[in-house]
Amino acid sequence: MQSVNEHETAGVVTIRRFGNMTEALIAQGCLEAAGVECFLTDANISRLEWPITRGMRLQVKAEDAETATALLEQSAPDESEQ
């Protein structure tokens, strides 16, 4: 079994952490709709052991990290619009 650091050195990086499954799935869907391959890690364990995991991690390939981050920032609602 690989640890987080091994995944990151293998070319996969965490771009966001979520404590809420709905927010995590929306972000994942946004990236997938844009054609960015991504996945959530720690989704199941975070529901059971929040203090250990500190949330779900949204991960992408290292070469997609900048694009993915920009997409998520672009799709985030502006607080002044609410």
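The text that follows walks through the structure, step by step, so that each part is easy to find. In this text, all values refer to a predicted model and were calculated from it rather than measured experimentally.

Calculation criteria
- Each chain carries its own residue numbering, running from 1 in the direction its sequence is written.
- Local features are withheld for residues below a pLDDT of 70 in this predicted model, meaning they are given only at 70 or higher, and side-chain atom pairs are given and counted only at 80 or more; totals for whole chains, interfaces and linings count all residues.
- The side-chain values count all of the structure's non-hydrogen atoms but skip hydrogen atoms and water molecules.
- Following DSSP output, two strands are said to pair if at least two bridges run between them.
- Comment: elements are numbered from the N terminus, with helices defined as DSSP H or I runs of at least four residues and strands as E runs of at least two.
- As a rule, the C-alpha atoms of each element are fitted with a line to give its axis, helices using only the stretch in contact, and angles between N-to-C directions run from 0 to 180 degrees.
- Note on contacts: a residue pair qualifies if any of its non-hydrogen atoms lie within 4.5 Å across the two residues.
- When accessible area is computed with a 1.4 Å probe and restricted to protein chains, residues below 20% of their type maximum are described as buried, those above 50% as exposed, and intermediate ones as partly exposed.
- Note on definitions: salt bridges are taken to be side-chain nitrogens of Lys or Arg within 4 Å of carboxyl oxygens of Asp or Glu.

**Remarks on the sheet that holds strand 2 (residues 38-41)**
Taken in spatial order, the three strands of this open sheet run 1-3-2, and their pairing is antiparallel. Each edge of the sheet is formed by a strand with only one pairing partner; in this case those strands are strand 1 (12-18) and strand 2. Averaged over all pairs of adjacent strands, the angle between their axes in this sheet comes to 30°, without regard to strand direction. One ladder, built from six bridges, connects strand 1 with strand 3 (residues 56-61); its direction is antiparallel. Residue threonine 14 lies in a different strand from strand 3, and its bridge partner there is glutamine 59. Contacts from helix 2 (residues 21-33) reach strand 1, strand 2 and strand 3, with the element oriented near 160° to strand 2.

**Observations concerning the environment of cysteine 38**
With respect to the element layout, cysteine 38 can be found in strand 2. For cysteine 38, the contacting residues outside a window of four places in its chain are Gln28, Leu31, Glu32, Leu58, Gln59 and Val60.

**A closer look at the environment of lysine 61**
Within the element layout of this structure, lysine 61 appears in strand 3. Here lysine 61 falls in the partly exposed class, since its relative accessible area comes to 36%. Separated by 23 residues in sequence, lysine 61 and cysteine 38 place their C-alpha atoms 7.5 Å apart. If we ignore the near neighbours within four places in the chain, the residues touching lysine 61 are Gly11, Val12, Val13 and Glu37.

**Overview of the pattern of salt bridges**
For the structure on display, the rule yields two salt bridges. In this structure, glutamate 37 and lysine 61 form a salt bridge, with 3.3 Å as the shortest nitrogen-oxygen distance. Within this pair, whereas glutamate 37 is found in the loop between helix 2 and strand 2, its partner lysine 61 is found in strand 3, the two being separated by 24 residues in sequence. Of the charged contacts in the structure, one is a salt bridge between arginine 57 and aspartate 42, with a shortest N-O distance of 2.8 Å. Residue arginine 57 is found in strand 3, and its partner aspartate 42 is found in the loop between strand 2 and helix 3 (43-48); the two are separated by 15 residues along the sequence. With relative accessibility at 26%, the residue aspartate 42 sits in the partly exposed group.

Keep in mind these values describe shape, not function.
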